[in-house]
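Inside the fold
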Amino acid sequence: MTTDRRPLPPGRYGRVPSPARRRFALVAGGVAVLAALAWVVWAGLGQAGADVRWSDVGFVIHGDTAVDVTYDVGKDPSATAVCTVRALDRNKTAVGIAQVTVGPSSAKVTRRTDQVRTSAQAVTGLVDHCAVAH
């Protein structure tokens, strides 16, 4: 097997990067990776320290008048949270909104089903936001 060591045609593949330029590119790439990793850790710790977490479980539509929304709320058992529950139509426009208070309980996660009255036919119901009441 023979290896061909002929020089590349000048200008055909662009400039050959100098060792300094190559080193700079590696350092810049490393800094970018470290910055991205730091952001992921910061965002993850921020969410882990959130006072309230919620997740939608399901919904039942009652014609044009109401939607029952089932969801879980995770919080300190002694805390009280206020959640905004929305009913949306097919255009994702809110056709019903309810503010729900989730009081102290014996468990860290509470499953609730709350009814949202609607002004028009809804296609879904969900929790928009929850926050600890201060």
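All figures in this text were calculated on a predicted structure; none of them were measured in a lab.

**Focus: the side chain of Thr70**
Checked against the element boundaries, Thr70 lands in strand S2 (residues 66-75). In this structure Thr70 comes out as buried when scored by relative accessible area, which is 18%. Within the structure, the side chain of Thr70 is placed 2.8 Å from the side chain of Thr113, a separation counted as a polar contact. Not counting residues up to four positions away in its chain, the partners in contact with Thr70 are Asp56, Val57, Gly58, Arg111, Arg112 and Thr113.

**Concerning the state of the cysteines**
Covalently bonding the sulfur atom of one cysteine to the sulfur atom of another cysteine gives a disulfide. In total, this model carries one disulfide according to the counting rule given. There is a disulfide in this structure between Cys83 and Cys130, and the S-S distance comes to 2.0 Å. Around the S-S axis, the bridge from Cys83 to Cys130 shows a dihedral of about 110 degrees and counts as right-handed. Residue Cys83 is located in strand S3 (residues 81-88), and its partner Cys130 is located in strand S6 (residues 124-132); the two are separated by 47 residues in the primary sequence. For Cys83, a relative accessible area of 0% translates into the label buried.

**A short note on the environment of Ser106**
Mapping Ser106 onto the fold places it in the loop between strand S4 (94-102) and strand S5 (109-117). Ser106 sits 28 residues away from Ser78 along the chain, and the two C-alpha atoms are 7.9 Å apart.

**Details of the sheet that holds S5**
Strand order in the open sheet formed by three strands is S1-S2-S5, with antiparallel pairing between adjacent strands. The open sheet terminates on both sides in strands that have one partner only, identified here as strand S1 (52-62) and S5. Recorded for the sheet is a direction-independent mean angle of 20 degrees between the axes of neighbouring strands. As judged from the 10 bridges shared by S1 and S2, these two strands associate in the antiparallel manner. If you follow Asp56 over to S2, its bridge partner there is Tyr71.

How each quantity is defined
- Residues numbered from 1 in each chain as written.
- Predicted model: local features only at pLDDT ≥ 70, side-chain atom pairs only at ≥ 80, totals over all residues.
- Heavy atoms only, no water.
- Helix = DSSP H or I, 4+ residues; strand = E, 2+ residues; numbered from the N terminus.
- Buried < 20%, exposed > 50% of the residue type's maximum accessible area, 1.4 Å probe, protein only.
- Polar contact = N/O pair within 3.5 Å; in protein donor to acceptor, adjacent residues only side chain to side chain.
- Contact = heavy atoms within 4.5 Å.
- Disulfide = S-S within 2.5 Å.
- Pairing = 2+ DSSP bridges.
- Axes fitted to C-alpha atoms, helices over the stretch in contact; angles between N-to-C directions.

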